[in-house]
Amino acid sequence: MREITGIDHLHDPSLLDDEDLRLVHALQLAPRASWTSLAPILGVHSTTLAARWRRLSEAGIAWIAAHPLATRLCPVTAFIEVLCAMSEREAVIRELSAIPDVVSLDISARHRDLLLTVSAASLAQLTEHTLAQIAAVPGVEHMETAFSTRMHVIADSWSMRALSAEQARRVAQLHPRPRPDGTPPRVSRAVLRALALDGRASAADIARGLGMSEPTVRRQIRAAIEHGLIHFRCELAQGVTGTPVTAQWFASVPATEHEELARRVAQIPGVRLCASTTGRTNILIAVWLRSVAEVPRVEEALVGAVPGLVIRESAIALRIVKRVGWLLGDGGRATGEVIAPSWGHAGPE
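Residues numbered from 1 in each chain as written. Predicted model: local features only at pLDDT ≥ 70, side-chain atom pairs only at ≥ 80, totals over all residues. Heavy atoms only, no water.

1. Considerations on the overall build of the chain
For the chain, the helix and strand inventory stands at 11 helices and 12 strands. Since a compact globule built from 349 residues should have a radius of gyration of about 20 Å, the 20 Å found for the chain is in line with a globular shape. Put simply, of all contacts in the chain between residues at least 6 apart along the chain, 78% involve residues at least 24 apart. (Helix = DSSP H or I, 4+ residues; strand = E, 2+ residues; numbered from the N terminus. Rg over C-alpha atoms; globule rule 2.2 N^0.38 Å. Contact = heavy atoms within 4.5 Å.)

As structure tokens, then:
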């Protein structure tokens, strides 16, 4: 098993062998599945799976993020374009990245300097609290907010597709099925924060750290997943995926064409986001690409998807600073520093 070191080429997919890719794909389908349950499906001993995951996570190559984006606790999502004084940009980035409701932050190559993804429990929390925090950061000169009216595709569904269809089916059965209806349970915010820091943290470890009973923590975690209070995502450093470029499109589409566009966009390899929005444009799309040269191909696919689509602007993300709470370094690797979300009013501490 090859060691990953700091001197490895940051955009080298060969860092991951086939077994690494199958493990990552499995965790993208069932992020909290136990090693013993995955072992017979992947044909690898559980201790080997655990060792592989430890190697990947300690190198910042792969990690399990637990996030509030588009959950029942935080149903309000907004995309905020920020202009800032260039001389203060790095300080602005540090300040904005530390705000819990700013779940993701991209440095852009277009007229905006930064693109923030913000998740909040309510419109009031966003407008009265989070937007005020952002505006108060020294160096922020202008901000423009677009609200997501529907998240059609989010990166939780992006995967490496390294498993066979049968393996993928069996692994997916290990993930608790969501219950879209019913009254959401009360879940301790402390439990949710512990999961945000380590999405694979066991109920036993969380219980010990919080002084709670293990059965209570296990019950709360399962309830949070089943009732859509929290989402889990197995993330992978973008530099090792073979698609190191993040391209974004801001487009306008007739209201009647959003669903069809979303259906067609979901079929584009590397799509990470498709959201209907308010604002100057009403569709935002983000895709991971092998190179900037692929931008025209994707634009052609988008224009051909629905007759009424008009691309108003395209952009390349120069760097992803924060992704669903995790601060990233070179090559999109996790630094190990996590800004846990506020989780709105999830329940008692």
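2. Focus: the packing of helix H8 (residues 203–210) against helix H9 (residues 214–226)
Orientation of H8 relative to H9, taken along the N-to-C sense of each, is 120 degrees, at an axis distance of 8 Å. Here H8 is positioned oblique relative to H9, judged by the angle of their axes. The crossing of H8 and H9 is right-handed. Taking contact as the criterion, the partners of Ala-203, Ala-204, Ile-206 and Ala-207 in H8 are, on H9, Glu-214, Val-217, Arg-218 and Ile-221. Of the residues belonging to the contact of H8 with H9, the class tally is 6 nonpolar, no polar and 2 charged. (Axes fitted to C-alpha atoms, helices over the stretch in contact; angles between N-to-C directions. Parallel < 35°, antiparallel > 145°, perpendicular 65-115°, else oblique. Left-handed = near helix turned anticlockwise from the far one by under 90°. Nonpolar A, V, L, I, M, F, W, Y, C, P; charged D, E, K, R; others polar.)

3. Topic: unusual backbone geometry
Positive phi, close to 60 degrees, is recorded for Ala-70, a residue that is not glycine. Its location among the elements puts Ala-70 in the loop between strand S1 (62–67) and strand S2 (76–84). The phi dihedral of Arg-161 is positive, around 55 degrees, even though this residue is not glycine. Of note, Arg-161 is situated in the loop between strand S5 (140–153) and helix H6 (165–172).

4. Description of the environment of Arg-52
Here Arg-52 shows up in helix H3 (residues 46–58). When the C-alpha positions of Arg-52 and Leu-23 are compared, they lie 8.3 Å apart, and in sequence the two are 29 residues distant.

5. Side note on empty space enclosed by the protein
In this structure the tally under the stated criterion is 2 cavities of 30 Å³ or more. Here the largest cavity is characterised by a volume of approximately 380 Å³. Taken together, 25 residues make up the lining of the largest cavity; nearest its centre are Ser-104, Asp-106, Thr-117, Leu-273 and Ala-286. Every element with two or more residues in the lining of the largest cavity is listed here: strand S3 (102–108), strand S4 (114–120), strand S7 (245–252), strand S8 (271–277), strand S9 (283–289) and strand S10 (310–323). A class-by-class count of the residues in the lining of the largest cavity yields 15 nonpolar, 5 polar and 5 charged. For the second largest cavity, the calculated volume is near 40 Å³. Looking at the second largest cavity, the residues that line it are Glu-19, Arg-22, Leu-23, Leu-42, Val-44, Leu-49 and Arg-52. No other element matches the 3 residues that helix H1 (residues 18–29) contributes to the lining of the second largest cavity. (1 Å grid on protein atoms, 1.4 Å probe; cavity = no way out; pocket = protein on both sides within 12 Å on 5 of 7 lines; lining within 4 Å. Points joined across faces, edges and corners; volume = space filled by probe spheres on them.)

6. A closer look at the pattern of salt bridges
With the rule as written, the count across this model stands at 22 salt bridges. The residue Asp-205 makes a salt bridge to Arg-208 at a minimum N-O spacing of 2.1 Å. Remark: Arg-208 and Asp-205 occur in helix H8; sequence separation between them is 3 residues, near one turn of the helix. For Arg-208, a relative accessible area of 61% puts it in the exposed group. For the salt bridge of Glu-260 with Arg-263, the shortest nitrogen-to-oxygen distance reads 2.7 Å. You can see Glu-260 and its partner Arg-263 sitting in helix H10 (residues 258–265), 3 residues apart, about one turn around the helix. The partly exposed category is assigned to Glu-260, whose relative accessible area is 28%. Among the ionic contacts, a cluster of salt bridges with common partners joins Asp-17, Glu-19, Asp-20, Arg-52 and Arg-55. (Salt bridge = Lys/Arg side-chain N within 4 Å of Asp/Glu carboxyl O. Buried < 20%, exposed > 50% of the residue type's maximum accessible area, 1.4 Å probe, protein only.)

7. Some remarks on the pairing of S7
Within S7, 8 of the 8 residues are buried, which leaves the element mostly enclosed by the surrounding structure. Burial of the side chains of S7 extends over both faces: Val-245, Ala-247, Trp-249 and Ala-251 are buried on one face and Thr-246, Gln-248, Phe-250 and Ser-252 on the other. Pairing of S7 with S9, which is carried by 7 bridges, proceeds in the antiparallel orientation. Each residue of the ladder has a partner; that of Ala-251, found in S9, is Ile-283. Pairing between S7 and S10: 7 bridges, direction antiparallel. Each bridged residue has a counterpart across the sheet, and for Ala-251 the counterpart in S10 is Ile-311. (Pairing = 2+ DSSP bridges.)

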